[in-house]
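Residue-level structural notes
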Amino acid sequence: MIYDLIIIGGGPAGIAAGIYAARQRLNTLLITKEFGGQIARKAVAIENYPGFESVSSLDLIRKFEKHLKKQKIDVKLDFAVKVRKTGNFFSILVKSKQKFQSQAVIVASGADPRFLEVPGEKEFIGKGVSYCVACDGPLYSGKEVAVIGGGNSGFEGAIALSNYTKKIYILEYGPKVLADKTNQELAQKTDKVEVITNAAVKKIRGKNFVNSLIYQDQKSKKLNDLAIEGVFIEIGSQPATSFVKDLVDFNEKDEIIVNFKTGETRTPGLFSAGDVNNLSFKQIVIAAGEGAKAAMAVSNYLQRNK
Ligand SMILES: Cc1cc2nc3c(=O)[nH]c(=O)nc-3n(C[C@H](O)[C@H](O)[C@H](O)COP(=O)(O)OP(=O)(O)OC[C@H]3O[C@@H](n4cnc5c(N)ncnc54)[C@H](O)[C@@H]3O)c2cc1C
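Quick caveat, the model's predicted, so the values are computed rather than measured. (Residues numbered from 1 in each chain as written. Predicted model: local features only at pLDDT ≥ 70, side-chain atom pairs only at ≥ 80, totals over all residues. Heavy atoms only, no water.)

1. Focus: the sheet that holds strand β11 (residues 193-196)
Note the cut-off: Strand pairing is assigned whenever DSSP detects at least two bridges linking the two strands. Numbering of helices and strands runs from the N terminus; a helix is a DSSP stretch of H or I covering at least four residues, while a strand is a stretch of E covering at least two. Contact between two residues is taken to exist if any of their heavy atoms lie within 4.5 Å; hydrogens are not considered. Axes here refer to lines fitted to C-alpha atoms; in helices the fit is confined to the stretch in contact. Angles between the N-to-C directions go from 0 to 180 degrees.
The five strands lie next to each other as β8-β15-β9-β10-β11, forming an open sheet whose pairing is parallel. Among the strands making up the open sheet, the edge pair consists of β8 (129-130) and β11. Across four bridges, strand β10 (residues 167-171) lies against β11 in parallel orientation. Within β11, the position partnered with Ile-170 by the bridge is Val-195. The strands that helix α4 (residues 152-161) touches are β9 (144-148), β10, β11 and β15 (230-233); relative to β10, the one it contacts most, it runs at about 175°.

2. With respect to the nonpolar core
The cut-off we apply is this: What we call a nonpolar core is a set of buried Ala, Val, Leu, Ile, Met, Phe, Trp, Tyr and Cys residues that are connected through their side-chain atoms within 4.5 Å. Buried, partly exposed and exposed residues are distinguished by accessible area as a fraction of the type maximum, computed with a 1.4 Å probe on protein chains only: under 20%, between the cut-offs, and over 50%, respectively.
Ranked by size, the top nonpolar core spans 34 residues in total, and within it Leu-5, Leu-60, Ile-106 and Val-298 carry the most contacts. Of all the secondary structure elements, the ones that give two or more residues to this core are β1 (2-8), α1 (12-23), α2 (57-69), β6 (99-107) and α6 (284-304). If you tally residues by element for this core, the top one is α6, at nine residues. By size, the runner-up hydrophobic cluster in this structure holds 22 residues, among which are Ile-31, Phe-100, Val-244 and Val-258.

3. What to know about the site of the ligand
Selection rule: Proximity is defined per residue: if any heavy atom of the residue lies within 4 Å of a molecule or strand, that residue is considered near it. Under this definition, polar contacts are N or O atom pairs within 3.5 Å; protein pairs additionally need one hydrogen-donor-capable and one acceptor-capable atom, and for neighbouring residues in sequence, both atoms have to be side-chain atoms. For the area figures, the Shrake-Rupley method with a 1.4 Å probe applies, and any residue is considered shielded solely by the protein chains shown. Residues were grouped as follows: Ala, Val, Leu, Ile, Met, Phe, Trp, Tyr, Cys and Pro as nonpolar; Asp, Glu, Lys and Arg as charged; and all remaining residues, including Gly, as polar.
The ligand sits among 32 residues. The nearest are Glu-34, Gln-38, Lys-42, Ala-80 and Ile-284. Taking Pro-12, its main chain carries an N or O atom lying 3.2 Å from an oxygen atom of the ligand. One of the side-chain nitrogen or oxygen atoms of Gln-283 is found 3.0 Å away from an oxygen atom of the ligand. For the ligand, the protein covers 93% of the area, taking 1,000 Å² as the surface of the free molecule. For the shell around the ligand, the secondary-structure elements that each account for two or more residues are α1, β2 (28-32) and α6. Here the shell around the ligand is built from residues that sort into 12 nonpolar, 13 polar and seven charged.

4. Some words on the side chain of Glu-234
Here Glu-234 shows up in the loop between β15 and β16 (237-239). The exposure class of Glu-234 is buried, given its relative accessible area of 9%. Separated by 3.1 Å, the side chains of Glu-234 and Arg-41 make a polar contact. Not counting residues within four places of it along the chain, the set of residues in contact with Glu-234 comprises Arg-41, Tyr-131, Val-133, Val-147, Ile-148, Gly-149, Ser-153 and Gly-154.

5. Considering the packing of aromatic side chains
Aromatic rings in a pair are described by how distant their centres are and how their planes are angled relative to each other. The following threshold applies: The rule is short: rings of Phe, Tyr and Trp, with Trp giving its six-membered ring, pair when the centres are within 6.5 Å, and they are stacked under 30 degrees, edge-to-face over 60, tilted in between. A ring is considered to have a charge above it if a Lys NZ or an Arg CZ atom is located within 6 Å of its centre and within 35 degrees of its normal.
Overall, the coordinates contain five aromatic pairs when judged by the stated rule. The interplanar angle of 85° and the centroid separation of 5.7 Å between the aromatic rings of Tyr-49 and Phe-64 together place this pair among those described as edge-to-face. Of this pair, Tyr-49 sits in the loop between β2 and α2 while Phe-64 sits in helix α2; the two residues are 15 residues apart in sequence, bridging distant segments of the chain. Both residues of the pair, Tyr-49 and Phe-64, belong to the buried class. A cation over a ring is seen here: Lys-122 above Phe-115, with NZ or CZ 4.5 Å from the ring centre.

6. A closer look at the pairing of β2
Most of β2 is tucked away, with five of its five residues classed as buried. In β2, alternate side chains face the same way, and those of Thr-28, Leu-30 and Thr-32 on one face and Leu-29 and Ile-31 on the other are all buried. Here β2 pairs with strand β3 (residues 74-77) via four bridges, running parallel. Note that in β3 the partner of Ile-31 across the bridge is Lys-76.

7. A look at the pattern of salt bridges
Operational definition: Salt bridge criterion: a side-chain nitrogen from Lys or Arg within 4 Å of a carboxyl oxygen from Asp or Glu.
Throughout the structure, instances matching the rule amount to 12 salt bridges. With a closest N to O distance of 3.2 Å, Glu-290 and Lys-293 form a salt bridge. Placement of the pair is Glu-290 and Lys-293 together in helix α6, with a separation of three residues, close to one helical turn. In this structure Glu-290 comes out as buried when scored by relative accessible area, which is 14%. Overall, Lys-293 belongs to the partly exposed group, its relative accessible area being 25%.

8. Some details on unusual backbone geometry
Its identity as a non-glycine residue notwithstanding, Arg-25 has a phi of 65°, on the positive side. Even without being glycine, Lys-221 reaches a positive phi, approximately 70°.

9. Some remarks on the state of the cysteines
For the record, the criterion: By definition, disulfides here are pairs of cysteine sulfur atoms that lie within 2.5 Å.
Evaluation of the coordinates by the stated rule reveals one disulfide. In this model Cys-132 forms its disulfide with Cys-135; the gap between the sulfur atoms is 1.9 Å. Here Cys-132 and Cys-135 share a disulfide; its torsion about the S-S bond, 70°, makes the bridge right-handed. For Cys-132, a relative accessible area of 7% corresponds to the buried category.

Below you can see the structure in the form of structure tokens.
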């Protein structure tokens, strides 16, 4: 069977694309590793998605998934490994070795957390190193931990961690933190959060589990050994594009370059939406809007190519 459209990704962009595609009566398959995408990493309530004054990430994901599954759309929980185009058709190979075909594709694969790339990081993943406060925070009850990154994600992570942990150090590489004032004030209020700026993490150490990290003070050049039992890395994200790299162009941030009017990439019929592409501002409402736009553009593309 050849689908009209295959969507890759089950975050806000992919889900909105799926809902719009189904309503356009496109015969659609959505392939995703899981539902929710980066929303699942949100450690405190979401307060900027219209219609929801305050909603937990889990609740919003459940609502997205339920809304999608109400549509006439096929869903495959799997991981896209490769997208190819032959003639007018795309074929998508997934990890379980199945192949699917379609006339158009929307890449809505978002972004994965960025690695710190220091010794000890990969060795201690799941043994004290985490990229998700919302998922792993409660495991650090009563402990001292570090959050790497002084942006909004780092501060929100620290605020959430203050519910369980004894002490949280936020280590920021630059001379000042970049989080919103609101997040900075909320973190201060907890009196468990200590911010260390100009801190370049050099190494994560431990035996079976993390027990400290070494950072360099960028001004004095002094190396410091910080005793902690958990390290939460919140230093941004990397677009998830490995499966499509032969068919698209990238900007300097490795984001897929698209036509901003339609979301179409340099390959006709291959569209992209959400955090994976080069459009400004990475937010849930924007990703959802871009997903809707791409699905409508696919509908026009299919009409034109009938
Ligand atoms: C900690 C944190 C807090 C945030 N807080 C907010 C907030 O308060 N408000 C706000 O508006 N935004 C917030 N954001 C940003 C928001 O989460 C993103 O902008 C949004 O999730 C992007 O949606 P997306 O669908 O483009 O990508 P993603 O959410 O990244 O979803 C991508 C989906 O694609 C799937 N996928 C990836 N690769 C493949 C593959 N090869 N095959 C199959 N499936 C694949 C993933 O599993 C995932 O389901 C936050 C982000 C983070 C990390």
